[in-house]
Every structure is written in structure tokens, then in C-alpha cells.
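Notes for the structure review
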Amino acid sequence: MEPLMTFRGVSMSFFGHSMRGMALESVDAVFVQGRTTAIVGANASGKSTMLRLAAGVIRPTEGAVVWSRAQRATSRAFVPQRSALAADFTARETVSLGTAAKEAPAARVDAALEAVGLLSRGHVRYHSMSGGEQQRVRVARALAQVEHADGSALLLDEPFSSLDPAEVARLVEALRAFTGAGGSVILSLHDAGLAREVAQAAIALRQGRVLASGGADEVLAPASLRAVYAHEMLEATERARWLRPRL
Amino acid sequence: MTLRFVVLLVLACLLAGFRACVGPQADGQGNIVFGVALPTLETMPYRLHAIAGAGAVGLLLALSGLALQALLRNPLASPFTLGVSSGASFGVACVLALAATTGLSAQAFGGEFGGALAGAALSLTLVWMLAKRASGRDAVALALAGVVLGGVMSSAAMLLEQVVPRGLRGDLLAWMAGRIPELPAVSSLLALWSIGIVAMLLLWRFAHVLDLLMLDDDEAAAAGVRLVPTRVGLFIIGGVLAAAAVAFAGPIGFVGLVAPHAARLFVSHRHALLVPATALCGVIVLLGADLLRQALDVGTGRLPVGVITALAGGPFFLWLLSRSRRGGSEWNL
């Protein structure tokens, strides 16, 4: 079980070193190669920050994110949760963007579009597609960006958020094929049930701290999840209590 | 796709050809009249200079617009709508006013191009700071800020105009409306074309990076785009091109807005094709406007070309504005 990437004492504050508003606090985590790892937690628990740190688009305030030496920066692709495309490319053009070094070759673009079930929609303009289709196009872009599945990593922030059930099933299938071929997937999910379905490993975050990490079965067991979402559940109960007499 | 480029190229050549046959000429009794006739030995240099000047300004403004649209990921961006052109004219007016009050030559203050460059940099920096505060998300708010900034800069230039002597004032007013000089120096034409072609080659060389820049910042950075150097490069290209065009011909509006969109509509959104297509469209738009200007007789000579581009481009900008509330679709005309 080779480690793919390690978070070593990573803290992240978007306000510099003042310990105010820490998005992540002393996070230690190991991601294993060839697996799908889900980062779960409530909103604002630090899932997206962890993915952005892993993708290298932000630097940690403290600590380090260390990728295994065999892993090249060019074999990593990141799909943020929200993304605006400031040009009206077709689906195919979007998928073929590749990396700053070069475009993705046509065969790889075809394979990526096929994997997300959009090969026949390649000529359609990105902006005239549905939200779910757009999300699949962006995952396909990430798939086409990495050269081979083997030894590469996909970092996906809430990749299922605008998909309907059939699309979810198809994307889960595509991600399984990717890890089956030796690739690694790290994704953030707020839906623990879906995480159990897709992931072999999981990291549970709460307010920027790691609450549990390890095999998906144990981390995502109902008992452990209660702790992950406890705060939010309590807050919801409080809110309900506050609202009731006023309704 | 090649066919579309051929069509654009033929259109540019046709317009240049027509332009060579239109303009002021002697009527045989010593009067200067406007008319359509094959150029003579006397009129030829004027016509060629006008064509080269209009083409160069179109090229510069169009590429500046494209660079600024990529920099701000904003379809409403252009040197004119962001106030960069007005900033550049303010810079030129500053230099002229300084020269007039001190009695020194304009060259002592960096010349017109130096002033234009400083003014353009000032405007672009202000707009850039505004864009960062709005995190670049709201295209309309930024365009609004740019238009207001442009208004302030133009008024400041008008204020300075009162400082310069009467003789120069008329020139400055006409120049502020956007006017291609009648007989520009060959050296300035060469300089303009060189700047334009170098910028075009640079943008074309990095076309693939510009494509990636159209993605979300995080996505582009993760794909290996170095955001800061790329943006600084676009900032410089957009500013220098606009400044050169303004120093030469005044703030001619909307060419930098219309040309990139026309190129997207006609050719492609991919920058490898979009960059040369935008350059051609810029040349076509300004040659067309210049030709139209020659054809319109308002009784008091010919209108400045900036009046034509504003009359045609202004409504286009408003139309674009009305579309840009429908997230993303404003890039698709």
C-alpha cells in the first residue's frame, strides 16, 4: 500500500498566521495509491480547502502537503465544485484543453467523453448543456488531462452535486474504471451514503479537524458519522426550537 | 475554417481597395472635393497612409480588447469600456498641457506615447483593483466601473484642454473624438504595425494557455497555468496596444469590443484561431468605419472615425449588456 500523498500537520488560515478563522487545523492524513478516498464532513468543514491544498493551488499556512516522488504534477487533475467557463467552447473543445504544456490528444478526449457518457454530445456548446452534463464535461476534462490512469490522481470537489441518479451511477462506474487501471481518486462529498458506495478509504472532517480516518466502512459507520454531523444536527435542533414559538 | 480566414482576408483587401478609391481629391479647378475615383499619383500617398493607419489602429485595438477580455474573463471588457483609452487620452492631454505651460517640447515629458502609456497603466490598474475586489465575478459591475472611470478620465482630459493654447485646442478636441491622422509619418506607421504584429504573435504563441485561462482559476492553476505571470503579460499587452493606438489616433471606441466578438462568432472561441481572426476583424472594422466616414457627407467635411465606431459599436455594447445576465451565454452571440 504505497502512500500517494501525505498531509503533515497542515494548518490553513485565509487570514495569514493569525489563528483566527482556521479552515484547517493540524491535519495529518495519508492518501493511498490506487484507491478512492472520500473526504466527508458538513459544509465549511474544510473539505474544499483540503482538495485545493492537494491540487497545489493554495499553499498551507503551516505544515506540508507531500506527494509521493513517483507522482508527477502533470498527472494530477483538479475539478473544483463551482466553475465558470469564460468562453463558449464545445464539450469536446473543453475536454481537449489538457495542460499548459500541451493539448490532450484526440483519442484521449474520445475516451474521456465516452467514460462520462457524452461522446455523442461532443459538438454541443458547454453553455447550452444542463448542469449535470457540464459537471460531467469537467470530470472528462480532468480524465483527459492525465496521461494514463496508472500513477495519476483525480481531485474532485463534490463531483456528484448536480447529477441525477443515472448520471451518478455512470460517473461512479467511470471512477471505478479509473482506479481499476491504477489511478487514484480523492473526492469530497457531503453525502456519506454515496461516499460508502464509491470510496474504499475516508477522512471525516469537522470544523477543520480530522475526526476519523481509515477504511470507508469504519469511518462512515453510523456511530462515527453521528460525531461528524453532531454539531450541525444540534444547531438544527436549536434553530427549530427557536423558530417554533414564532411560527 | 481556412475558408473563413480567406473570406476575412479577402474582405480586408476589398475594403482597403475601396478605401484607396475614396477620399478628397482635386477637381481640376483647384478645389478639393470628396469623390470616388482611382487614386492618382498625388492622392495615392494619402490613401495608402490612411489605409495603413486605419488598419494598424484596428489591429491594435482589437488585440488589446482580446487580451483584456482574457485577463478579466469578461466579455464586456475592451480598452474603451474599461476606461483604458480615456486614461491614455488623459495621459496625452497631460503631456500636451505640461508642454504648453512650460514651453518645453512634448518629448521632454515622454512624448505622446509615453503619456498614453502612463494614462493607460493608471486606468488599467484602477480597473484591475476594482475587478479583484469584485472577485471578477460580476461582469456588468466591472464594465459599469470602467465606463464611469472612462467618463472621469475624458472629463479630466477636457479640463486640461482648457490649459493648452487656442491653436492646439481644436486639434486636441478632434483627436479626443478619435481621428486617424491624414498623413502620418512612415516611422509611426511602422512602429504601430510592429507592435501589433509582435503582440499578435505573442498571444498566438500562448493561445493554448489563454484557452486554459477561460477555466476557473483553480482549474487552470492545477492544469499548470502560472496565473500571475500570464495575467501580468496580458495586462502589459492590453495596456501597450491601447496606449499605442490612442497616442496615434485618439480614443476610438468599441473596435476592441466588436472585433473579438465578431471573430468568435465567425471563426472560433479557441485562441489559436481567435487571435489571428480578431486581428483581421479589427482591421476590417476600422477600414469599414473609415470608408463609411468618407462616404458620409455632413456638409462640414468628414466626421472623425470615432464618431462612426461609437454610433455603430455603442448599440452593440448595450445589446451585449442586456445578454450578460444570462450566466455564461454572453460569450455566445
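Look above for the structure.
In what follows, the accompanying structure is described.

Thresholds applied
Residues numbered from 1 in each chain as written. Chains lettered and ligands numbered in written order. Predicted model: local features only at pLDDT ≥ 70, side-chain atom pairs only at ≥ 80, totals over all residues. Heavy atoms only, no water. Helix = DSSP H or I, 4+ residues; strand = E, 2+ residues; numbered from the N terminus. Rg over C-alpha atoms; globule rule 2.2 N^0.38 Å. Contact = heavy atoms within 4.5 Å. Areas by Shrake-Rupley, 256 points an atom, 1.4 Å probe, with all protein chains shown as cover. Buried area = accessible area lost by both parts, 1.4 Å probe. Salt bridge = Lys/Arg side-chain N within 4 Å of Asp/Glu carboxyl O. Polar contact = N/O pair within 3.5 Å; in protein donor to acceptor, adjacent residues only side chain to side chain. Buried < 20%, exposed > 50% of the residue type's maximum accessible area, 1.4 Å probe, protein only. Disulfide = S-S within 2.5 Å. Expected span 1.5 Å × (residues − 1). Phe/Tyr/Trp six-rings, centres within 6.5 Å; stacked < 30°, edge-to-face > 60°. Lys NZ or Arg CZ within 6 Å of the ring centre and 35° of its normal. Pairing = 2+ DSSP bridges. Axes fitted to C-alpha atoms, helices over the stretch in contact; angles between N-to-C directions. Parallel < 35°, antiparallel > 145°, perpendicular 65-115°, else oblique. Left-handed = near helix turned anticlockwise from the far one by under 90°. Nonpolar A, V, L, I, M, F, W, Y, C, P; charged D, E, K, R; others polar.

Take the overall build of chain B next. Within chain B one finds 13 helices and two strands. Computed over the C-alpha atoms, the radius of gyration of chain B is 20 Å, within 12% of the 20 Å expected from 2.2 N^0.38 for a compact globule of 333 residues. Each principal axis of the C-alpha atoms in chain B carries an extent, and together these give about 70 × 55 × 35 Å. Within chain B, contacts between residues separated by at least 24 positions form 73% of all contacts whose residues are at least 6 apart in sequence. Split by element, the accessible area of chain B, about 14,000 Å² in all, is 71% carbon and sulfur.

We now examine the interface of chain A and chain B. Facing the 28 residues of chain A at the interface are 22 residues of chain B. A buried area of about 2,100 Å², summed over both sides, lies between chain A and chain B, and 57% of it is on carbon and sulfur atoms. On the chain A side of the interface with chain B, the three residues burying the most area are Ala86, Leu97 and Ala100 of chain A, jointly 26% of the side's total. Viewed at the interface, chain B and chain A are joined by four salt bridges. Glutamate 219 of chain B is paired through a salt bridge with arginine 138 of chain A; the nearest N and O atoms lie 3.7 Å apart. Taken together, the connections running from chain A to chain B amount to ten residue pairs in polar contact (both at pLDDT 80 or more). Elements with a minimum of two residues in the side of chain A that touches chain B: helix H1 (47–55), strand E5 (76–79) and helix H4 (131–145) of chain A.

This paragraph deals with the environment of leucine 82 of chain B. Residue and element names in this part refer to chain B. Along the chain, the position of leucine 82 falls in the loop between helix H2 (44–72) and helix H3 (84–102). Note on leucine 82: relative accessible area 0%, which makes it buried. Taking the C-alpha atoms as reference points, leucine 82 and serine 123, separated by 41 residues in sequence, lie 7.8 Å from one another. Residues in contact with leucine 82, not counting those within four places in the same chain, are Leu68, Leu72, Ala77, Val127, Leu142, Gly146 and Leu149.

Using the criterion set out here, one finds twelve salt bridges over all chains in the structure. Close ionic contact of arginine 270 of chain B with glutamate 103 of chain A constitutes a salt bridge, the shortest N to O distance being 3.2 Å. Of this pair, arginine 270 of chain B sits in the loop between helix H11 (255–266) and helix H12 (271–295) while glutamate 103 of chain A sits in the loop between helix H2 (91–95) and helix H3 (106–115), on two different chains. For arginine 270 of chain B, a relative accessible area of 10% corresponds to the buried category. Between glutamate 219 of chain B and arginine 141 of chain A there is a salt bridge, and its shortest N-O distance comes to 3.9 Å. Highlighted residues: glutamate 219 of chain B in helix H9 (residues 217–222) and arginine 141 of chain A in helix H4, drawn from two different chains. Across this residue pair, the class does not change: glutamate 219 of chain B and arginine 141 of chain A are buried.

A separate point is the state of the cysteines. Following the criterion strictly, the structure yields zero disulfides over all chains and no others. As a non-bridged cysteine, cysteine 281 of chain B has cysteine 13 of chain B as the owner of its nearest cysteine sulfur, 14 Å distant.

A few words now on H2 of chain B. Under the 1.5 Å per step criterion, the end-to-end length of H2 of chain B is 42 Å for 29 residues, consistent within 8% with the ideal 42 Å. Counted residue by residue, H2 of chain B has 24 buried out of 29 residues, so it is predominantly covered.

Attention now moves to the packing of aromatic side chains. For any two aromatic rings, the description comes down to two numbers: the centre-to-centre distance and the angle of the planes. This structure, assessed with the given rule, holds four aromatic pairs over all chains. Ring plane angle 55° and centroid distance 5.9 Å describe the contact between phenylalanine 7 of chain A and phenylalanine 31 of chain A, whose orientation is recorded as tilted. Taken as a pair, phenylalanine 7 of chain A in strand E1 (residues 3–13) and phenylalanine 31 of chain A in strand E2 (residues 22–32) lie far apart in primary sequence, 24 residues in all. Note on phenylalanine 7 of chain A: relative accessible area 1%, which makes it buried. Judged by relative accessible area, which is 1%, phenylalanine 31 of chain A ranks as buried. Ring centres of phenylalanine 254 of chain B and phenylalanine 317 of chain B lie 6.2 Å apart, and the angle between their planes is 45°; this geometry places the pair in the tilted category. Of this pair, phenylalanine 254 of chain B sits in the loop between helix H10 (227–249) and H11 while phenylalanine 317 of chain B is found in helix H13 (residues 305–323), placing the two residues 63 residues apart along the sequence. Each of the two residues, phenylalanine 254 of chain B as well as phenylalanine 317 of chain B, counts as buried. An aromatic cluster of three or more residues is present, and its members are Phe80, Phe254 and Phe317 of chain B. Across the ring face of tryptophan 67 of chain A, the terminal group of arginine 76 of chain A is positioned such that the distance to the ring centre comes to 3.8 Å. In this structure, arginine 4 of chain B is placed above the aromatic ring of phenylalanine 266 of chain B, and the distance from its NZ or CZ to the ring centre is 5.8 Å.

This part is about the sheet that holds E1 of chain A. All names here are of chain A. Spatial ordering of the open sheet is given by E2-E1-E4, a layout of three strands whose pairing is antiparallel. Edge positions in the sheet fall to E2 and strand E4 (62–67), since each of these pairs with one other strand and no more. For this sheet the average axis-to-axis angle between neighbouring strands, irrespective of direction, equals 15°. One ladder, built from five bridges, connects E1 with E4; its direction is antiparallel.

Attention now moves to the packing of H2 of chain B against helix H4 (residues 111–133) of chain B. Residues and elements named next belong to chain B. It is the contact of H2 with H4, at a shortest axis distance of 11 Å, that shows an interaxial angle of 30°. As summarised for this structure, H2 and H4 are arranged roughly parallel, according to the angle between their axes. Pair H2 / H4 crosses with right-handed handedness. On the side of H2, the interface is formed by Leu68, Leu71 and Leu72, while H4 contributes Leu124, Val127, Trp128 and Ala131. Classifying every residue of the contact of H2 with H4 by side-chain character gives seven nonpolar, no polar and no charged.

For the rest of this paragraph, the subject is the sheet that holds strand E9 (residues 209–215) of chain A. Residues and elements named next belong to chain A. Here six strands make up an open sheet; going across it, the order is E5-E6-E7-E3-E8-E9 and the pairing mixed. Across the chains shown, the open sheet's two edge strands, defined by having one partner strand only, are E5 and E9. For this sheet, the mean angle separating the axes of adjacent strands, direction not counted, is 15°. Sitting on the sheet, H1 is in contact with strand E3 (36–40), E5, strand E6 (153–157), strand E7 (184–189) and strand E8 (201–206), with an inclination near 150° to E6. Along the sheet face, H4 touches E5 and E6 and points at about 170° away from the line of E5.

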